[in-house]
Amino acid sequence: MDIENLNTNGFPDESELEKIANQLFKSAPGGLQNNSGFSEQVHNQYEHNDTLKQSDGVNDLGKISQNLVNNNNLGFGKVTKSVAGSGISPSAINHPSDFSLEDPQTSLPDPHFYNGQIPKSVAGSGKSPSLQNQDLTHGNVTSHNKLPFETEQPFEHELKEVLSQINSTFPSSQLPHVSAFGINENSYYFLTGQNPLQYGNQLFGGANQNQNTHGISSYVKPPFDINLVKADFPILKERVNGKPLIWLDNAATTQKPKLVIDRINHFYEHENSNIHRAAHELAARSTDAYEAARKKVQHFINAGSVNEIVFVRGTTEAINLVAQSWGDQNLNTGDEIIVSNLEHHANIVPWQILAAKKGLKLRVIPVDDDGQILLDEYAKLFNSKTKLVSFTHVSNALGTVTPAQQMIEMAHANGAKVLLDGAQSVSHMRVDLQKLNPDFFVFSGHKVFGPTGIGVLYGREEILNSMQPWQGGGNMIKDVTFEHTEYHNAPGRFEAGTGNIADAVGLGAAIDYVNKIGIDLINQYEHGLLVYGTNLLKQVPGLRLVGTAADKASVLSFTLDGFTNDQVGQELNKEGIAVRTGHHCAQPILRRFGLESTVRPSLAFYNTCADVDALVTVLHRLKSNQKRSLF
Ligand code: PMP
């Protein structure tokens, strides 16, 4: 099979590649569905129940069919555990031998990711896949001393151990890909350095793997390659400044899998209606979809009741709701609220506004030089006036994971209520609210692969039902006269007016996607990636890591000697690498470290060691050019 058209970079023309890919996949077991078949399939996936022909108000939510939940229309229930870090695409899981039939997007060879070659992913091997793919001449590093990831890494062993836990935590019987492809169950190809194509050969019988002079076989991605996870996210195929986009700004917002985009699209094409209010079919469909999403959220964070899940705009709105409702109702002059030094402005300013209005005092838990909560100091802040502790589960500026369980227990022991800000935790670790037991928990959909403009306030049911509404209007009332209004209980009480129905449904789909991979595997994979990134960043001369807690998630904040953070951000952007620079809406914690801003790469499960290598390569290049210009 020859490629006829090469573009100016010497890479094959995309449409040519697509043609070849389609030929390949036609001969793959089961073939590949065409586009019209796909949309038909999507439609069928979301087939509605029609038992509910009439929607009759919030009080009757219990009657609404749980079709979407029970039938698990997306087919997610089939596989309990999946494979972040093992290289299996979630969409490949349900069809380990069919190769992503659910989503043709995931099946197309994607030249963007590889610049024409499948990277031999090498977490822990100490070898960089990006070396094969990147044009290092660009950065004057052709005759460079070896960069850290080109040589054997001292932490290689450590990383191997971390990643091998993925196997030991989940029995191999729960990892269908491993046995299905005859891979050594105690290791992953990216640890052994074995060529993933050989597994592809097992799947496709080798017939489609023929090398040609242009190395076209490299485009064939085996279904268990971690890069297939990337393929579920259409935006990751973008090119920025001529380079494949590397998204390392996940703490600001996460990208959306196609499944979420399709689900929202489907809502507007087949379900759109206001909820709870009409006696027609579409009202039933939209109400079903909306309430099914609420249920998914409940299970995702293990809340005790679906009534404890209130849809809001995001974390910021949720905190403001608690401040303006519970806070305004329950806090009085002289009362105290404890926050930590790590907080995002969204968990500072609403309390300051309330404090100014009601004469309250804000007290701050200090952190040590690594950015860890000082528990002894925290213990000293409690007194009889302490009414609320509001703190983050994971710091968005430093990545510190706070000892939430212990801090919540300490607050409760002192008679205070707790709000836990989960904006940066839900996408990286399991959140079990019945175990953690906060009184309130808040997060944003867009940080967990869902849409913007939708988020969640969890509140303990009895507390929510004792709280005054914060907005009045339709949807939240049982009965209205000019003299008196009776409110619904939660969640309706806090959902006045028409909410963001479609995006709530999209959030439900995002949760399905995360569940399909498995949050524990995501956590372990990302931990390995964080160790990998931390060690490489430490080896960049003049780089100061900001936030070095023992327990961290996702975030790798730093400054680079001799460069402003904006300069670093711009240089990274030239290479298609997106990071956030600035104060990250967390000025108090940066000032604790004597800084006004940092560069902040932040990881998600679709990132790879190659992404980290690309980041580190730019930093080394900046430093080596700087050194040269000094002489
Ligand atoms: N808290 C934390 C810890 C955050 O990281 C963020 C977002 N950066 C927020 C609150 C605010 O979230 P949103 O802007 O989605 O309301």
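Quick note: structure is the one above.
To keep things clear, this report deals only with the structure shown in the data block. (Residues numbered from 1 in each chain as written. Predicted model: local features only at pLDDT ≥ 70, side-chain atom pairs only at ≥ 80, totals over all residues. Heavy atoms only, no water.)

## Focus on the side chain of Lys-237
- Structurally, Lys-237 is set in the loop between α12 (226-231) and β1 (239-240).
- Judged by its relative accessible area of 17%, Lys-237 is buried.
- Only 3.4 Å separates the side chain of Lys-237 from the backbone oxygen of Ala-231, close enough to count as a polar contact. (Helix = DSSP H or I, 4+ residues; strand = E, 2+ residues; numbered from the N terminus. Buried < 20%, exposed > 50% of the residue type's maximum accessible area, 1.4 Å probe, protein only. Polar contact = N/O pair within 3.5 Å; in protein donor to acceptor, adjacent residues only side chain to side chain.)

## So, the site of the ligand
- Taken together, Thr-315, Thr-316, His-344, Ala-346, Thr-392, Asn-396, Asp-421, Ala-423, Gln-424, Ser-444, His-446 and Lys-447 make up all the residues around the ligand.
- One of the backbone N or O atoms of Thr-315 is found 3.4 Å from an oxygen atom in the ligand.
- The separation between an oxygen atom of the ligand and a polar side-chain atom of Thr-316 is 2.6 Å.
- The fraction of the free accessible surface of the ligand (390 Å²) that becomes covered by protein chains is 86%.
- Looking at side-chain class alone, the shell around the ligand contains 2 nonpolar, 8 polar and 2 charged residues. (Near = heavy atom within 4 Å. Areas by Shrake-Rupley, 256 points an atom, 1.4 Å probe, with all protein chains shown as cover. Nonpolar A, V, L, I, M, F, W, Y, C, P; charged D, E, K, R; others polar.)

## Thoughts on the environment of Asn-465
- Considering the arrangement of structural elements, one finds Asn-465 in helix α20 (residues 461-466).
- Beyond its immediate stretch of four places on either side in the chain, Asn-465 contacts Asn-489, Ala-490 and Arg-493.
- Polar contacts involving the side chain of Asn-465 include one to the main-chain amide nitrogen of Ala-490, which spans 2.8 Å. (Contact = heavy atoms within 4.5 Å.)

## Looking at the side chain of Ser-325
- Checked against the element boundaries, Ser-325 lands in helix α15 (residues 315-330).
- With residues up to four places along the chain from it excluded, the contact list for Ser-325 reads Met-467, Gln-468, Trp-470 and Phe-494.

## Some remarks on the sheet that holds strand β5 (residues 336-340)
- In spatial order, the strands read β4-β10-β9-β8-β7-β5-β6; together these 7 strands make up an open sheet with mixed pairing. Each end of this open sheet is capped by a strand with a single partner; those strands are β4 (309-312) and β6 (361-365). On average, each strand axis in the sheet is tilted by 20 degrees relative to the strand beside it, whichever way the strands run.
- Two elements, β4 and strand β10 (residues 455-459), share 4 bridges in a ladder whose sense is antiparallel. Counterpart to Phe-311 in the pairing with β10 is Val-456.
- With respect to the sheet, α15 is in contact with β4, β7 (386-392), β8 (417-421), β9 (440-444) and β10, its orientation differing from that of β9 by roughly 150 degrees. (Pairing = 2+ DSSP bridges. Axes fitted to C-alpha atoms, helices over the stretch in contact; angles between N-to-C directions.)

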